[in-house]
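# Summary of structural features
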Amino acid sequence: MLNRELKKTALEIHEKAKNRYNETYDTTMKLCQALYDARRDSLGLIQNIELLVNSIANTPKEFESTFAKISAERASFRSTEEFAKKTQSELVKTGIGGAAGIGTGAAVAALAPSAAMWVATTFGTASTGTAISALSGAVAQKAALAWLGGGALSAGGGGIVAGKALLALAGPVGWGIAAASTAATGITVGIKNKKIADAAMEEAKKMTIAAAMLKETGAKVDDLREKTVILKDALYAMYRNNTQYLNADYTTLDSSGKIALGTLVNNTLSLAELLNKVVEDTENG
């Protein structure tokens, strides 16, 4: 049959592109989860440090102001988590459909419980560029649906496709790619082989571009994870060294003890600030 080999070759290329995309997708999912886990561990460490410092009498005023900033960062992180939890719950209830006819709610429900958490804390901005946790009311609902639904279809968003939620959940919004859905294989049998081949090649091209973007995003995520882990581990060592000052009086400490505590507090703020650092769109970041 005319163009049979062309169709066969195109579909093979399409399959390879899909497999590469799916491998990159799975790797990036794991990197995002690892970043979230590191942040949750950091949150616990920050709380322990705060308890230690608060047990010390007569600490400098600067400590109080620094911990106010730390508390604000911690609250922002938890607010984003809470927003994600509520949004995920709402999407499960509404079951808004994706481009491929798969309910967004069903796809979200199938994810690991922490998925929405790492999506929000890793990418955490609505399509408007406003921090998701800062939105409220109808604006927040609309932004959340666009964010978790892959963007408005009229704007090129793909929704949740073929059960792969990363592009829909963690796009970032606006890529407008069909990703792992095999548009070519869904074309009716009666369409000419040439048209099938062209569709397959076009979809393969989109998936290749998507995989490249996803790989770049994964690298950014892993870089942020590494910075977080390095600072967290160093801070934990400082914390252990400073536990000797539990319930102490700051005014009775020698200069080395005061310097050690000051360094601990300042580095705790640095780690707290990393909690809310987001990974930007690979096209704009």
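The rules behind the values
Residues numbered from 1 in each chain as written. Predicted model: local features only at pLDDT ≥ 70, side-chain atom pairs only at ≥ 80, totals over all residues. Heavy atoms only, no water. Helix = DSSP H or I, 4+ residues; strand = E, 2+ residues; numbered from the N terminus. Contact = heavy atoms within 4.5 Å. Expected span 1.5 Å × (residues − 1). Buried < 20%, exposed > 50% of the residue type's maximum accessible area, 1.4 Å probe, protein only. Core = buried A, V, L, I, M, F, W, Y, C linked by side-chain atoms within 4.5 Å. Salt bridge = Lys/Arg side-chain N within 4 Å of Asp/Glu carboxyl O. Polar contact = N/O pair within 3.5 Å; in protein donor to acceptor, adjacent residues only side chain to side chain. Axes fitted to C-alpha atoms, helices over the stretch in contact; angles between N-to-C directions. Parallel < 35°, antiparallel > 145°, perpendicular 65-115°, else oblique. Left-handed = near helix turned anticlockwise from the far one by under 90°. Nonpolar A, V, L, I, M, F, W, Y, C, P; charged D, E, K, R; others polar.

### Re the side chain of Lys 232
Looking at the element boundaries, Lys 232 is found in helix H7 (residues 193-242). The contact partners of Lys 232, leaving out residues within four places of it in the chain, are Ala 38, Asp 41, Ser 42, Leu 45 and Leu 271.

### Observations regarding helix H8 (residues 255-274)
If you check H8, its first and last C-alpha atoms are 29 Å apart, about what 20 residues at 1.5 Å a residue would give, namely 28 Å. Residues Gly 257, Leu 261, Gly 262, Leu 264, Val 265, Thr 268, Leu 269, Leu 271, Ala 272 and Leu 274 constitute the buried set of H8.

### Things to note about unusual backbone geometry
With a phi close to 60 degrees, Asn 58 is a non-glycine residue in the positive phi region. For Asn 247, which is not a glycine, the phi torsion comes out positive at approximately 65 degrees. You can see Asn 247 is positioned in the loop between H7 and H8.

### Description of the nonpolar core
Judged by nonpolar contacts, the single largest core of 40 residues is most densely connected at Ile 49, Val 53, Trp 118, Leu 261 and Leu 264. Listed by contribution, the elements that provide at least two residues to this core are helix H1 (4-54), helix H2 (61-94), helix H4 (115-123), H7 and H8. When residues of this core are assigned to their parent elements, the largest contribution, nine residues, is made by H1. Core analysis: the second largest hydrophobic core is formed by five residues, Tyr 21, Tyr 25, Ala 210 and Leu 214 among them.

### Re the environment of Ile 49
The topology assignment puts Ile 49 in helix H1. Taking the C-alpha atoms as reference points, Ile 49 and Met 238, separated by 189 residues in sequence, lie 9.6 Å from one another. Beyond its immediate chain neighbours, meaning those up to four positions away, Ile 49 contacts Phe 67, Leu 235, Tyr 239, Leu 264 and Thr 268.

### With respect to the pattern of salt bridges
By the definition in use, this model includes seven salt bridges. Close ionic contact of Arg 225 with Asp 222 constitutes a salt bridge, the shortest N to O distance being 2.8 Å. Taken together, the positions of Arg 225 and Asp 222, both in helix H7 and three residues apart, correspond to about one turn of that helix. Relative accessible area serves as the criterion here: at 23%, Arg 225 is assigned to the partly exposed category. Residues Lys 232 and Asp 233 are paired through a salt bridge, measuring 3.2 Å at the closest nitrogen-oxygen approach. We classify Lys 232 as buried; its relative accessible area is 14%.

### Structural notes on the side chain of Thr 24
With respect to the secondary-structure elements, Thr 24 resides in helix H1. Here the side chain of Thr 24 touches Arg 20 through a polar contact of 2.9 Å, landing on its backbone oxygen. Those residues in contact with Thr 24 that lie beyond four places of it in its chain are Ala 211, Leu 214 and Lys 215.

### Concerning the packing of H7 against H8
The description of two helices packed together rests on the angle between their axes and the distance between the axes. Where H7 meets H8, the axes come as close as 10 Å, and the angle between the chain directions of the two elements is 155 degrees. Considered as vectors, H7 and H8 are oriented roughly antiparallel to each other. The hand of the H7/H8 crossing is left-handed. When H7 is examined against H8, the residues Leu 224, Lys 227, Thr 228, Leu 231, Lys 232, Leu 235, Met 238, Tyr 239 and Asn 242 are found in contact with a partner set consisting of Ala 260, Leu 261, Thr 263, Leu 264, Asn 267, Thr 268, Ser 270, Leu 271 and Leu 274. Its residues assigned to classes, the contact of H7 with H8 comprises 10 nonpolar, six polar and two charged.

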